[in-house]
Amino acid sequence: MRVYQIRLKLYFLTSIPVGKVQEKLTAFIDKSLGRVDELLQMHEENRFKSYSYDLPYPLEQDKVYKEGKIYTVTIRTVDPKLAKHFREVCVNNYTWEMKGLTAEMRIIPERKIASIYTLTPVILKDYRGYWRENMSLEAFEERLKINLIKKWNALHGEKLQEDFELYTLLEFMNEDPIVMEYKKIRLLGDKIRLQIADNETAQKLAYLALGTGLLEMNSRGAGFVNYRWS
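Attention here is on the structure that accompanies the text. (Residues numbered from 1 in each chain as written. Predicted model: local features only at pLDDT ≥ 70, side-chain atom pairs only at ≥ 80, totals over all residues. Heavy atoms only, no water.)

Turning our attention to the side chain of S219. Relative to the assigned elements, S219 resides in the loop between α5 (200–212) and β12 (225–229). For S219, a relative accessible area of 13% corresponds to the buried category. Excluding anything up to four places from it in sequence, S219 contacts T26, K49, Y51 and Y53. (Helix = DSSP H or I, 4+ residues; strand = E, 2+ residues; numbered from the N terminus. Buried < 20%, exposed > 50% of the residue type's maximum accessible area, 1.4 Å probe, protein only. Contact = heavy atoms within 4.5 Å.)

Encoded structure:
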């Protein structure tokens, strides 16, 4: 397994507030996937999508991305076909709001990871609403771990043993829930940091998370993580 990182430069055709840019960027990526039958089918299926991405950089001081400026978005995936698509097709893709320009790709080396931390909020979907109001911290931690195990199992076609320590420290980096808008719905999430345990399984899953993100809605821009080497 390899984690591919694509840095895509985007030209903004209109100004977009930071609260709306995630939805517009998702529409841009979705449109590119719709140009390839195989990827369109993958996109429409109810399964892990094997990629994640962050917000465009840099963020303006007034938190409004500006018309006529160029920004960089980082996309990561563990699927080599998707990596090639993001590098080659997204540069010729466009919507009413943004246009692809250039893309550079690298493979993130698999080294010992000390910690991972989210740059976009993690989203835990539950019919009762925001998790803090309806479940315990232990239940949240269980969903976090099981979600990552399920991603591994889906990608590798195997059943990973669940009796291991994934992290030694979980830190929430926000006091109040972070709002993520999607299809006129306000979802609430959190930014977190995990200090990764020193065992083979935990290290493999942490590396996987660099490509797939944590928890849910990663293909909508949630749960994108960065890392620190040990």
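This model, assessed by the stated rule, comprises 11 salt bridges. The salt bridge involving R87 is made with E88; its shortest N-O contact spans 3.1 Å. Residue classification places R87 among the partly exposed residues on the basis of a relative accessible area of 32%. (Salt bridge = Lys/Arg side-chain N within 4 Å of Asp/Glu carboxyl O.)

One key point about sheets: their strands pair by backbone hydrogen bonds, in either a parallel or an antiparallel sense. If you trace the four strands from one edge of the open sheet to the other, you get β8-β11-β7-β12, paired in antiparallel fashion. In the strand order of this sheet, the two ends are held by β8 (167–172) and β12, each with one partner. Going from strand to strand, the sheet's axes swing by 15 degrees on average, the running direction of each strand aside. Where strand β7 (residues 113–118) lies against β12, five bridges are found, and the strand directions are antiparallel. Bridged to T118 within β12 is V225. Against the sheet, helix α4 (residues 137–156) engages β8 and β11 (192–196), with an angle of about 115 degrees to β8. (Pairing = 2+ DSSP bridges. Axes fitted to C-alpha atoms, helices over the stretch in contact; angles between N-to-C directions.)

This part is about the packing of aromatic side chains. Evaluated as defined, the whole model comprises 10 aromatic pairs. Aromatic pair F12 and Y65: ring centres 5.6 Å apart, planes at 35 degrees, arrangement tilted. In this pair, F12 sits in strand β1 (residues 3–12) while Y65 sits in strand β4 (residues 64–65), placing the two residues 53 residues apart along the sequence. You'll find F12 and Y65 in the same group, each marked buried. An aromatic cluster of three or more residues is present, and its members are Y130, W131, F140 and F172. (Phe/Tyr/Trp six-rings, centres within 6.5 Å; stacked < 30°, edge-to-face > 60°.)

It is worth spelling out the sheet that holds strand β3 (residues 51–53) at this point. In space, the four strands of this open sheet follow the order β3-β5-β1-β6, with antiparallel pairing throughout. Of all the strands in the sheet, the pair left with one neighbour each is β3 and β6 (98–108). Ignoring strand direction, the axes of neighbouring strands in this sheet form an average angle of 25 degrees. Sheet topology places β3 next to strand β5 (residues 70–77); three bridges connect them, and they run antiparallel. By the bridge assignment for β5, S52 is matched with R76. Along the sheet, helix α1 (residues 18–33) contacts β1, β3, β5 and β6; its crossing angle with β3, the most-contacted strand, is approximately 140 degrees. Sheet strands touched by α5: β1, β3, β5 and β6. Its angle to β3, the strand with the most contacts, is close to 65 degrees.

Quick look at α1 now. A turn of α-helix holds 3.6 residues, and therefore any two residues three or four places apart point the same way. For α1, built from 16 residues, the straight-helix expectation of 22 Å at 1.5 Å per residue is met to within 8% by its first-to-last C-alpha distance of 23 Å. Every buried residue of α1 is listed here: V21, Q22, L25, T26, F28, I29, D30, S32 and L33. (Expected span 1.5 Å × (residues − 1).)

Right, let's talk about the packing of α1 against helix α3 (residues 80–88) for a bit. With their axes 11 Å apart at the nearest point, α1 and α3 run at an angle of 110 degrees to one another. As summarised for this structure, α1 and α3 are arranged roughly perpendicular, according to the angle between their axes. Only L82, H85 and F86 of α3 make contact with α1, whose side of the interface consists of I29, S32 and L33. (Parallel < 35°, antiparallel > 145°, perpendicular 65-115°, else oblique.)

Okay, a nonpolar patch on the surface next. Among the surface-exposed residues, Y11, L13, I70 and L101 lie close enough to one another that they form a single nonpolar patch of about 310 Å² accessible area. Following the sequence through the fold, I70 ends up in strand β5. (Patch = residues over 30% accessible without salt bridge, like charges linked within 9 Å, V, L, I, M, F, W, Y side chains within 5 Å. Areas by Shrake-Rupley, 256 points an atom, 1.4 Å probe, with all protein chains shown as cover.)

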